Structure formats: C-alpha cells, structure tokens
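# Understanding the architecture of this molecule
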Amino acid sequence: MNRKKLIAANWKMYKTPTQAEAFVGTFLPQVYGHTRDEIVLCPPYVCIPTVAELVRDTNVGVGAQNMFWEKEGAYTGEISPAMLLAVGCSHVILGHSERRQYFGETDDMVNRRLKAALAAGLTAIVCIGEVLQEREAGITDDVLRRQCENALREISGDQVSRFTIAYEPVWAIGTGKTATPQIAADAHRVIRQQAALALGDDAAQKLRILYGGSIKPENVKALMSQEEIDGGLVGGASLDPASFAAIVKW
Ligand code: 13P
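Residues numbered from 1 in each chain as written. Predicted model: local features only at pLDDT ≥ 70, side-chain atom pairs only at ≥ 80, totals over all residues. Heavy atoms only, no water.

## Focus on the side chain of Arg-3
Residue position: Arg-3 is located in the segment before β1 (6–10). One polar contact links the side chain of Arg-3 to the main-chain carbonyl oxygen of Gln-205, over a distance of 2.7 Å. In terms of polar contacts, Arg-3 uses its side chain to reach the backbone carbonyl oxygen of Glu-227, at 3.4 Å. The contacts of Arg-3, once residues within four sequence positions are left out, are Arg-192, Gln-205, Lys-206, Leu-207, Arg-208, Glu-227, Glu-228 and Asp-230. (Helix = DSSP H or I, 4+ residues; strand = E, 2+ residues; numbered from the N terminus. Polar contact = N/O pair within 3.5 Å; in protein donor to acceptor, adjacent residues only side chain to side chain. Contact = heavy atoms within 4.5 Å.)

## Structural notes on the side chain of Glu-168
By secondary structure assignment, the location of Glu-168 is in the loop between β6 (163–167) and α8 (181–199). Residues within four places of Glu-168 in sequence aside, it is in contact with His-96, Cys-127, Ile-128, Gly-129, Ile-173, Gly-212, Gly-213 and Leu-233.

## Thoughts on the site of the ligand
The full set of residues close to the ligand is Asn-10, Lys-12, His-96, Glu-168, Ala-172, Ile-173, Gly-174, Gly-213, Ser-214, Leu-233, Gly-235 and Gly-236. Lys-12 has a polar side-chain atom sitting 2.8 Å from an oxygen atom of the ligand. Glu-168 has a polar side-chain atom sitting 3.0 Å from an oxygen atom of the ligand. Alone, the ligand offers 300 Å² of accessible surface; in the complex the protein occludes 95% of this. Class assignment of the residues belonging to the shell around the ligand gives a composition of 3 nonpolar, 7 polar and 2 charged. (Near = heavy atom within 4 Å. Areas by Shrake-Rupley, 256 points an atom, 1.4 Å probe, with all protein chains shown as cover. Nonpolar A, V, L, I, M, F, W, Y, C, P; charged D, E, K, R; others polar.)

## Details of the environment of Gln-159
With respect to the secondary-structure elements, Gln-159 resides in the loop between α7 (140–151) and β6. Separated by 41 residues in the primary sequence, Gln-159 and Leu-118 have C-alpha atoms spaced 7.8 Å apart. A polar side-chain atom of Gln-159 sits 2.9 Å from the main-chain amide nitrogen of Ser-156.

## Brief notes about the pairing of β1
Within β1, 5 of the 5 residues are buried, which leaves the element mostly enclosed by the surrounding structure. Neither face of β1 is left uncovered, since the one carrying Leu-6, Ala-8 and Asn-10 and the one carrying Ile-7 and Ala-9 both have all their residues buried. For the handedness criterion, the β-α-β arrangement of β1, helix α1 (residues 17–30) and strand β2 (residues 38–42) is classed as right-handed. One ladder, built from 4 bridges, connects β1 with strand β8 (residues 231–234); its direction is parallel. By the bridge assignment for β8, Leu-6 is matched with Gly-231. (Buried < 20%, exposed > 50% of the residue type's maximum accessible area, 1.4 Å probe, protein only. Right-handed = clockwise from strand over helix to strand, strands pointing away. Pairing = 2+ DSSP bridges.)

Everything listed here is a matter of coordinates, which is why it stays silent on function.
Structure follows, in structure tokens:
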C-alpha cells in the first residue's frame, strides 16, 4: 500500500505571530516544490491567520493543535471547527498527550472532537501513545488498542482519508529518547490491527499512522524508511526552519 507521508510541525505553545512570520519566510523557500510528502504547520491559535495567509497556494498546509466539538455557544476560551476553517486551517491535532496529561482530556473527548472535526471537513491528527510506566508494565499494546478503539467509535472506513493516527509514546516526547524504528513499527502494526476492527481491512490499509517523539534531522530517515511509518509529528525540532526543512526532506 502506497501511503503518502504527512510531516506535521506541532509548535505547541511557542512563537508569536511575528516569530511565526519569520519562520515561514525562511522555511517556504527550503521546501519549495517538495511534493513527495504532505507538509503541515500547526502553530498556536493566534498565529494561524498569519501563517495561513503566508502559505496560501503553496505545498504547505495549516493545522490547529486542538478544537472544541460544539459548533458555538457559551464555552469561554474554546475554539470551534468552523472558526478554524474560517482562518484557513485544513488540519487539527486532537488528543495530544499534553492535553491528556495537563487538561484532563479523555478518550471519549477525543472521539467527540474527531467526529466534530470530520463533520466540519477538517483533517484530524489523532494522538495516542503509552506512558513509560505502561511500557515498563508490558501493557503498551493494550493501551494503544483501548485508545484507538475509543477514538474511532462511530467513525466509518469511508472517512479514512480524512484523519491520521499519530503514535506518540509519551516517554519519547521532548526527552531526546526516540522510539527505535522497530518499536515504532511494532506499535503501528498493533494500531493498524485495531483500526481494522473499527474501519474494516481495506480502510485500515489506507490509514496513515504517524510517529512522534524526539524526531530530529539525524534520526528521521531511519524512522521514515519503515514501511509502517506514514509520516511524523514533530515538536521541538520543528521550531527552527532549517531543522524542520531537513526533516521534511528526509
Ligand atoms: P518532540 O518532537 O519535541 O519530542 O514532541 C513530539 C510531539 O509531542 C509532537 O506532537
């Protein structure tokens, strides 16, 4: 199965609009004409209009890092799918481990966000992954199956081109410890098996499964060369334009 890879930058809570503008100005020429992989930048909400305007009609897309599932209402501090679309977003990250860890995000909330994102026409990047204690306790596969099963409740196989799953082992995020290509590929196979139960075999073969966790220019090639790895979600190493361009061009 030939799945086009998606390389996405998750800037987390870094960069003002001015800093984002400087990034894009340096980054765009470095990835000009790169069509082998899909490229998406996910800046903080306040930078989205600036970045979307600068990358319009280029090979680079824009995503948000979170989104609420309601259409509108008295939900102080929240952002709706339609608002993201209105400022030029095509993608949205959902269920990142930092949202689960610090903001009480549950599997059920991730599922509600995913259904709302798909209904609105956004492409979702759904994050799952085990924490260190779960890996050490030998329950990684169970955790991934549970997260995947719950995230994909009431999602059908014909929606598979509209979302990806990002496997982000929490012990590898921001720690400099990358999962070996073998560890990542094994986890991706478990996720694909579970996805097949929810979506059917054909759709599961089409599902793109990204890896995230301490991806850098030095380790990206070994990871992306794995048949099972369909792209990357990059945190720290995506903040510098030369570094992220090198990752995109693995
Ligand atoms: P790092 O690349 O900084 O480890 O972050 C990974 C991540 O959380 C991407 O969503």
